[in-house]
Amino acid sequence: MITAEEIIKPENLVYTKPKLMNDTHMHYCPGCSHGVVHKLVAEVVEEMGMEEKTIGVSPVGCAVFAYNYIDIDWVEAAHGRAPAVATAVKRLSPDKMVFTYQGDGDLAAIGTAETIHACNRGENIVIIFINNAIYGMTGGQMAPTTLEGMKTSTCPFGRDVKLNGYPLKISNLIAQLDGACYVTRQSVQTSPAIKKAKKALRQAFENSMAGKGTSLVEFVSTCSSGWKMTPVQSNKWMEENMFPFYPLGDLKNE
Amino acid sequence: MSEEIRLMKGNEAIAHAAVRYGVDGYFGYPITPQSEILETLTELRPWETTGMVVLQAESEVAAINMVYGGAGAGKKVMTSSSSPGVSLKQEGISYIAGAELPCLIVNVMRGGPGLGTIQPSQADYFQTTKGGGHGDYRLIALAPSSVQEMVDFVGLGLDLAFKYNNPAIILADGVIGQMMEKVVLPKQQIRRTEEEIRKECPWAITGKTADRKRNVITSLELDPERMEQNNIRFQAKYRTIEENEVRYEELYCEDAEYIAVAFGSSARICLKAVEIAREQGIKLGLLRPITLWPFPTKIIKEYAEKVKGFLSVELNAGQMVEDIRLSVNGRTAVEHYGRMGGIVFSPEEIVEALKEKLIKE
Ligand SMILES: Cc1ncc(C[n+]2csc(CCOP(=O)(O)OP(=O)(O)O)c2C)c(N)n1
Ligand code: SF4
């Protein structure tokens, strides 16, 4: 029988963990999109050779501890304020590659003003937006992006638009802003989707260093815990319910 | 730019001082009575000379979070506002204190509560010295009483902020912000280079190089035992600041039987009150706290053994008087005299209040 040692040889290597991802045990739930997006960020930064120049701004939300997993310098922002924090970091250190990493509550509820104005000023930053239609960290409450009829702990009978308003397509709003150069909606539930998403991320990061303005990459994501589903069910539910309302693809690419 | 003597408003002085002390970034949002700070900076266009970033933010919330980001990068950064705007900044200030970052905040106070009035007030003393935002933290609080001190305290505030990795605040009011006086502007300081920042602020997010671990700026620590340790460290730092950084001015205190305690614009009016009182044979002195935190407790305690009473003279309902009472601890009489809501007292009113509340003859 062939042993593990015989298999683990450089010539047999088809995939490695990005060097920037450290061995800290991840706190994300099984089936959560956060982990995959983290890996993509690490890969892109590494492939661009920007490890020493990249500054991440982590949010308040499940990704608050992003700084524990990717081996770059980080600043952890107050809830919703990441784009303001990133604005200053980038303006004061223009040679740095600066990105925010935010959930839907962080970016599209409490931080709406900071998000819109950073994009409108055309800050040369990347905004990574995890849209899982729920507040993951606080235990599954309604988010601005929660779908109509979708049940959460604060709309237990399903989101009623008369009571709670409509799910917010904030990326479409941002695509209208002159300061935003690239707005795209991606997902990471299959290998082809991951490949595409990585390309989009790379373009966003390149835009920021080329001084083209703000790039926003939305990831339509799963929250298996918040949705109370298995990882497989979550992916299926996302494809059937989230994608029709939040269709994938570029909303703006200039 | 070399040292220069100019006539200008307190608010303009803050702007000139920011450029000359080598500030890297200013982030603000307009509000009366301090809008001249941002206006003057945009007129000076320091981004073309020193490279200083000046940005009008979308709100005070954004502005203070920009300060948080800039401070995290080890830069000399500041913001300014007036009372309602400073209320909005409290979340960010608490995060900055919790992450132990240096920065400078300026509050040119106006009358409140709420939207209140644009006239001068000192009603934000509690907010400034007792926290303002959530959590057990302290701001190094400097109270200028002249346009020259508006200049000097930009430099002093930043020095102290970087010495202790702690936010510092200049607590001025509409009088000091709006009045014109002769000032000496310092000569231009050169902004620190990236190399110097890496050396001076090894904790800053300057980009993770191979020779060090990643730097993380955060106030988060979910483990309560470690969070308590963080708090113990903060408190130890605050005790050191209390030990080393108390500043005050004493005028006519040597032979005083009564002492007026007043800061900022109130102290200027009190000085005139001291003259009037002395003409009437009342031995009144003036003690002017320059640092509101750390508070000049020790010197007040010393005078408490000698004088017949203290009069805390403030443009509010009685805030600093509580700190005086704590310092005096019952050794002698302590009274408060104040006007509120944007009304400024006259020196004569202060003397009358002294007679009525303390001398009682
Ligand atoms: C000022 C403030 N308000 C509320 C909270 C509580 N809180 C923490 S995370 C969160 C929502 C997170 O949801 P989202 O941004 O969608 O991210 P996710 O956890 O789903 O990734 C809330 C409301 C907070 N930390 N600060
Ligand atoms: S709660 Fe949801 S968003 Fe948070 S880690 Fe779990 S699956 Fe991911």
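### Examining the overall build of chain A
Step number 1: Helix and strand content of chain A: 10 helices and 9 strands.
Step number 2: Relative to the compact-globule value of 18 Å for 254 residues, chain A shows a C-alpha radius of gyration of 18 Å, a close match.
Step number 3: Structurally, chain A occupies a C-alpha span of about 60 × 50 × 30 Å along its principal axes.
Step number 4: A total of 254 residues make up chain A; the buried ones form 56% of that total.

### Thoughts on the overall build of chain B
Step number 1: The helix and strand tally for chain B stands at 13 helices and 15 strands.
Step number 2: The C-alpha atoms of chain B give 21 Å as radius of gyration, which agrees with the globular expectation for 361 residues (21 Å, within 12%).
Step number 3: For chain B, the residues scored as buried account for 61% of the 361 residues in total.
Step number 4: Taking the intrachain contacts of chain B between residues at least 6 apart in sequence as the baseline, contacts between residues at least 24 apart amount to 78%.
Step number 5: As presented, chain B carries roughly 14400 Å² of accessible surface, and 49% of it is formed by carbon and sulfur atoms.
Step number 6: Averaging the coordinates of the 41 positive side-chain charges in chain B and doing the same for the 49 negative ones gives two points 3 Å apart.

### A few points about the site of ligand 2
Step number 1: Tyr 28, Cys 29, Cys 32, His 34, Cys 62, Asn 132, Gly 136, Cys 223, Ser 224 and Ser 225 of chain A make up every residue found near ligand 2.
Step number 2: Its residues assigned to classes, the shell around ligand 2 comprises 5 nonpolar, 5 polar and no charged.

### Quick notes on the environment of Ser 81 of chain B
All names here are of chain B.
Step number 1: When you line up the elements, Ser 81 lands in strand E4 (residues 77–81).
Step number 2: For Ser 81, a relative accessible area of 0% translates into the label buried.
Step number 3: For the pair formed by Ser 81 and Ala 62, sequence separation is 19 residues and the distance between their alpha carbons is 12 Å.
Step number 4: Sequence-distant contacts of Ser 81, defined by excluding residues within four places in its chain, comprise Ile 31, Gln 34, Glu 60, Val 86, Lys 89, Val 106, Asn 107 and Val 108.

### Some points on the interface of chain A and chain B
Step number 1: Taken together, the 34 residues of chain A in the interface contact 34 residues of chain B.
Step number 2: Between chain A and chain B, roughly 2700 Å² of surface is buried when both sides are summed, and carbon and sulfur atoms account for 60% of that area.
Step number 3: By the criterion of area lost to chain B, the three top residues of chain A are Glu 52, Asp 73 and Leu 92 of chain A, representing 23% of everything that side buries.
Step number 4: Our count for the contact surface shared by chain A and chain B stands at 5 salt bridges.
Step number 5: Here Glu 58 of chain B ties to Arg 121 of chain A by a salt bridge, and the two come within 2.8 Å at their closest N and O atoms.
Step number 6: Where chain A touches chain B, the interface holds 17 residue pairs in polar contact (both at pLDDT 80 or more).
Step number 7: Of all the secondary-structure elements, those providing two or more residues to the side of chain A that touches chain B are strand E2 (73–76), helix H3 (82–92) and helix H5 (112–121) of chain A.
Step number 8: With 7 residues, H3 of chain A is the single largest residue contributor to the side of chain A that touches chain B.
Step number 9: Here the side of chain A that touches chain B is composed, by residue class, of 17 nonpolar, 6 polar and 11 charged.
Step number 10: Bridge count between E2 of chain A and strand E9 (residues 216–217) of chain B: 2 bridges; the pairing is parallel. Directly across from Val 75 of chain A, in E9 of chain B, lies its bridge partner Ile 217 of chain B.

### Let's talk about the environment of Met 150 of chain B
All names here are of chain B.
Step number 1: Within the fold, Met 150 resides in helix H6 (residues 147–164).
Step number 2: Considered as a pair, Met 150 and Glu 12 are 138 residues apart in the sequence and their alpha carbons are 9.2 Å apart.
Step number 3: Apart from residues no more than four positions distant in its own chain, Met 150 is found in contact with Gly 10, Asn 11, Ala 13, Ile 14, Pro 144, Ile 170, Ala 172, Ile 176 and Gly 177.

### What to know about the site of ligand 1
Residue and element names in this part refer to chain A.
Step number 1: Taken together, 17 residues lie around ligand 1, and Cys 62, Asp 104, Asp 106, Gly 136 and Met 137 are the ones closest in.
Step number 2: Interatomic distance of 3.0 Å between a side-chain N/O atom of His 34 and an oxygen atom of ligand 1.
Step number 3: In the model, an oxygen atom of ligand 1 is placed 2.8 Å from a nitrogen or oxygen of the Asp 104 side chain.
Step number 4: Surface burial for ligand 1 is 76%, taken as the share of its 590 Å² of free accessible area covered by protein chains.
Step number 5: Residue assignment for the shell around ligand 1 shows that the elements contributing at least two residues are helix H4 (104–110) and strand E5 (134–135).
Step number 6: At 4 residues, the largest contribution of residues to the shell around ligand 1 is made by H4.

### A few points about the sheet that holds E9 of chain B
Step number 1: Reading across from one edge, E9(A)-E7(A)-E8(A)-E4(A)-E3(A)-E1(A)-E2(A)-E9(B) is the order of the 8 strands in this open sheet, with mixed pairing throughout. A single partner strand is all that each edge strand has here, and the edge strands are strand E9 (249–253) of chain A together with E9 of chain B.
Step number 2: Against the sheet, helix H2 (residues 33–47) of chain A makes contact with strand E1 (54–58), strand E3 (97–103), strand E4 (126–131) and strand E8 (214–220) of chain A, and its axis sits at roughly 175° relative to E3 of chain A, the strand it touches most.

### Section: the state of the cysteines
Step number 1: Inspection of every chain in the model, using the stated rule, returns 0 disulfides over all chains.
Step number 2: Residue Cys 181 of chain A stays outside any disulfide, its sulfur separated by 9.6 Å from that of Cys 119 of chain A, the closest cysteine.
Step number 3: You can see Cys 201 of chain B has no disulfide; the closest cysteine sulfur is in Cys 103 of chain B, sitting 13 Å from it.
Step number 4: For Cys 201 of chain B, a relative accessible area of 3% puts it in the buried group.

### Points about the packing of aromatic side chains
Two aromatic rings, taken as a pair, are described by how far apart their centres are and by the angle between their planes.
Step number 1: In this structure the tally under the stated criterion is 11 aromatic pairs over all chains.
Step number 2: Aromatic side chains Tyr 337 of chain B and Phe 345 of chain B sit 5.7 Å apart centroid to centroid with 35° between the ring planes, which places their arrangement in the tilted category.
Step number 3: The exposure class of Tyr 337 of chain B is buried, given its relative accessible area of 12%.
Step number 4: The rings of Trp 74, Phe 99 and Phe 205 of chain A are connected pair by pair, giving a single aromatic cluster.

### Brief notes about the pairing of strand E7 (residues 167–173) of chain B
Residues and elements named next belong to chain B.
Step number 1: The buried count for E7 comes to 7 of 7 residues, which makes it a mostly enclosed element.
Step number 2: Of the two faces of E7, the one holding Pro 167, Ile 169, Leu 171 and Asp 173 and the one holding Ala 168, Ile 170 and Ala 172 are both buried throughout.
Step number 3: Sheet analysis places strand E6 (residues 140–142) next to E7, joined by 3 bridges and oriented parallel. Within E7, the residue paired with Ile 140 across the bridge is Ala 168.
Step number 4: For the crossover that starts at E6, traverses H6 and ends in the parallel E7, the hand is right-handed.

### A few points about the domain arrangement of chain B
Residue and element names in this part refer to chain B.
Step number 1: Taken domain by domain, chain B consists of domain 1 (4–194) and domain 2 (248–359).
Step number 2: Counting each side, the surface lost to burial between domain 1 and domain 2 is near 2100 Å², with a carbon and sulfur contribution of 56%.
Step number 3: By the criterion of area lost to domain 2, the three top residues of domain 1 are Gln 122, Tyr 125 and Phe 126, representing 32% of everything that side buries.
Step number 4: Our enumeration of links across domain 1 and domain 2 arrives at 3 salt bridges.
Step number 5: Here Arg 288 and Glu 149 are joined by a salt bridge, their closest N and O atoms 2.8 Å apart.
Step number 6: Counting every contact that joins domain 1 to domain 2 gives 17 residue pairs in polar contact (both at pLDDT 80 or more).
Step number 7: Within the residue set of the side of domain 1 that touches domain 2, elements represented by two or more residues are helix H5 (125–129), E6, H6, E7 and helix H7 (174–178).
Step number 8: In terms of residue class, the side of domain 1 that touches domain 2 is made up of 16 nonpolar, 8 polar and 6 charged.

Thresholds applied
- Residues numbered from 1 in each chain as written.
- Chains lettered and ligands numbered in written order.
- Predicted model: local features only at pLDDT ≥ 70, side-chain atom pairs only at ≥ 80, totals over all residues.
- Heavy atoms only, no water.
- Helix = DSSP H or I, 4+ residues; strand = E, 2+ residues; numbered from the N terminus.
- Rg over C-alpha atoms; globule rule 2.2 N^0.38 Å.
- Buried < 20%, exposed > 50% of the residue type's maximum accessible area, 1.4 Å probe, protein only.
- Contact = heavy atoms within 4.5 Å.
- Areas by Shrake-Rupley, 256 points an atom, 1.4 Å probe, with all protein chains shown as cover.
- Lys, Arg positive; Asp, Glu negative; His and termini not counted.
- Charge placed at Lys NZ, Arg CZ, Asp CG, Glu CD.
- Near = heavy atom within 4 Å.
- Nonpolar A, V, L, I, M, F, W, Y, C, P; charged D, E, K, R; others polar.
- Buried area = accessible area lost by both parts, 1.4 Å probe.
- Salt bridge = Lys/Arg side-chain N within 4 Å of Asp/Glu carboxyl O.
- Polar contact = N/O pair within 3.5 Å; in protein donor to acceptor, adjacent residues only side chain to side chain.
- Pairing = 2+ DSSP bridges.
- Axes fitted to C-alpha atoms, helices over the stretch in contact; angles between N-to-C directions.
- Disulfide = S-S within 2.5 Å.
- Phe/Tyr/Trp six-rings, centres within 6.5 Å; stacked < 30°, edge-to-face > 60°.
- Right-handed = clockwise from strand over helix to strand, strands pointing away.
- Domains from an automatic or database assignment.

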